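Coordinate analysis (summary)
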Amino acid sequence: MFNQGATTMDNWIYYLIPLAFIAVVVYVYRPGAKKGYQKDAKIPFADDDDKSDKSAK
């Protein structure tokens with residue numbers, strides 16, 4: 001009636017998505033990543049410091 005092999009091959013996505021999620025979580029919370037995240041968090045405010053220094057002069 002239907003191809004059992006195709007059904008089995010379609011089930012790989014049920015393993016891939018949780019594994020990808022776990023990989024992303026491990027990557028984000030890896031040791032040593034905090035410094036980079038703190039540095040990146042300050043990027044939007046970098047221009048504000050330059051403008052306030054110029055207007056104060």
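Scroll up to find the structure.
Residues numbered from 1 in each chain as written. Predicted model: local features only at pLDDT ≥ 70, side-chain atom pairs only at ≥ 80, totals over all residues. Heavy atoms only, no water.

**Quick look at the overall build of the protein chain**
Along the protein chain, the regular secondary structure elements total four helices and zero strands. Sequence-ordered secondary structure for the protein chain, helices as α and strands as β, is α-α-α-α. With 57 residues in all, the protein chain has 2% of them scored as buried. As presented, the protein chain carries roughly 5700 Å² of accessible surface, and 66% of it is formed by carbon and sulfur atoms. (Helix = DSSP H or I, 4+ residues; strand = E, 2+ residues; numbered from the N terminus. Buried < 20%, exposed > 50% of the residue type's maximum accessible area, 1.4 Å probe, protein only. Areas by Shrake-Rupley, 256 points an atom, 1.4 Å probe, with all protein chains shown as cover.)

**Some details on the packing of aromatic side chains**
Under the definition given, this model contains zero aromatic pairs. Sitting over the face of the ring of Y27, R30 holds its NZ or CZ atom 4.2 Å from the ring centroid. (Phe/Tyr/Trp six-rings, centres within 6.5 Å; stacked < 30°, edge-to-face > 60°. Lys NZ or Arg CZ within 6 Å of the ring centre and 35° of its normal.)

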